[in-house]
Amino acid sequence: SPVSSLKREMRNLSEECNLEPVTVSMAYVYFEKLVLQGKLNKQNRKLCAGACVLLAAKISSDLRKHEVKHLIDKLEERFRFNRRDLIGFEFTVLVALELALYLPENQVLPHYRRLTQQS
């Protein structure tokens, strides 16, 4: 499905950028919430995925400033969108998540366990 292949892309890209599994797990939860809200369509799903990774990386303060730039470069290249659109979408995602970026552990843990068992 498009959703699971996007999640695979999110994970691969995160690993290339040395993001922690917990960060990827958070990005997955954000992404799934958008899916459940019916926010995803063919046009925006890559932007959704990219914005979720970017927000998770910022929130878990996994990255220093220059690394955020590197992550944005990577996202732009991998998902073939424009960074201006990505930054705009970051806000859309924030609103959709009602600014609830700090996630309860029980939402993050199942993903985290799967990711850490796979590697």
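Residues numbered from 1 in each chain as written. Predicted model: local features only at pLDDT ≥ 70, side-chain atom pairs only at ≥ 80, totals over all residues. Heavy atoms only, no water.

For the chain, an unreviewed UniProt entry supplies the name CABL2 enzyme and the organism Casuarius casuarius.

Next up on the list: the packing of helix 4 (residues 65–79) against helix 5 (residues 83–96). It is at 10 Å that the axes of helix 4 and helix 5 come closest, and there the two elements cross at 110°. In terms of axis orientation, helix 4 runs roughly perpendicular to helix 5. Contacts from I72, D73, L75 and E76 of helix 4 reach helix 5 at R83, L86 and I87. A per-class count over the contact of helix 4 with helix 5 returns 4 nonpolar, no polar and 3 charged. (Axes fitted to C-alpha atoms, helices over the stretch in contact; angles between N-to-C directions. Helix = DSSP H or I, 4+ residues; strand = E, 2+ residues; numbered from the N terminus. Parallel < 35°, antiparallel > 145°, perpendicular 65-115°, else oblique. Contact = heavy atoms within 4.5 Å. Nonpolar A, V, L, I, M, F, W, Y, C, P; charged D, E, K, R; others polar.)

Moving on to the pattern of salt bridges. Within this structure, the stated rule accounts for 9 salt bridges. Here E9 makes a salt bridge to R78, at a shortest N to O gap of 3.1 Å. Taken together, the positions of E9 in helix 1 (residues 2–16) and R78 in helix 4 put the pair 69 residues apart, joining distant regions of the chain. We classify E9 as partly exposed; its relative accessible area is 29%. A salt bridge links E16 to R78; the shortest N-O distance between them is 2.5 Å. (Salt bridge = Lys/Arg side-chain N within 4 Å of Asp/Glu carboxyl O. Buried < 20%, exposed > 50% of the residue type's maximum accessible area, 1.4 Å probe, protein only.)

With that settled, consider the environment of F81. Residue position: F81 is located in the loop between helix 4 and helix 5. Between the C-alpha atoms of F81 and V24, which are 57 residues apart in sequence, the distance is 20 Å. Beyond its immediate stretch of four places on either side in the chain, F81 contacts K46, L47, G50, L75, E76 and L86.

Attention shifts here to the environment of A51. Inspection of the secondary structure assignment puts A51 in helix 3 (residues 45–59). By relative accessible area, which is 0% here, A51 ends up buried. Separated by 59 residues in sequence, A51 and P110 have C-alpha atoms that sit 21 Å apart. Not counting chain neighbours up to four residues away, the residues in contact with A51 comprise L86, F89, E90 and V93.

With that settled, the discussion passes to helix 1. Between its first and last C-alpha atoms helix 1 spans 21 Å; for 15 residues at 1.5 Å apiece the expected length is 21 Å, and the two agree. The set of residues buried in helix 1 consists of L6, K7, M10, L13 and S14. With its buried residues spanning 130° around the axis, helix 1 presents them on a single face. Phi turns positive, to about 55°, at N18, one or two residues after helix 1. (Expected span 1.5 Å × (residues − 1). Arc of directions from axis to C-beta.)

Positive phi, close to 55°, is recorded for N18, a residue that is not glycine. Its place among the elements puts N18 in the loop between helix 1 and helix 2 (21–36). Relative accessible area serves as the criterion here: at 63%, N18 is assigned to the exposed category. Residue R80 is not a glycine yet carries a positive backbone phi of 50°. Tracing the chain through its elements places R80 in the loop between helix 4 and helix 5.

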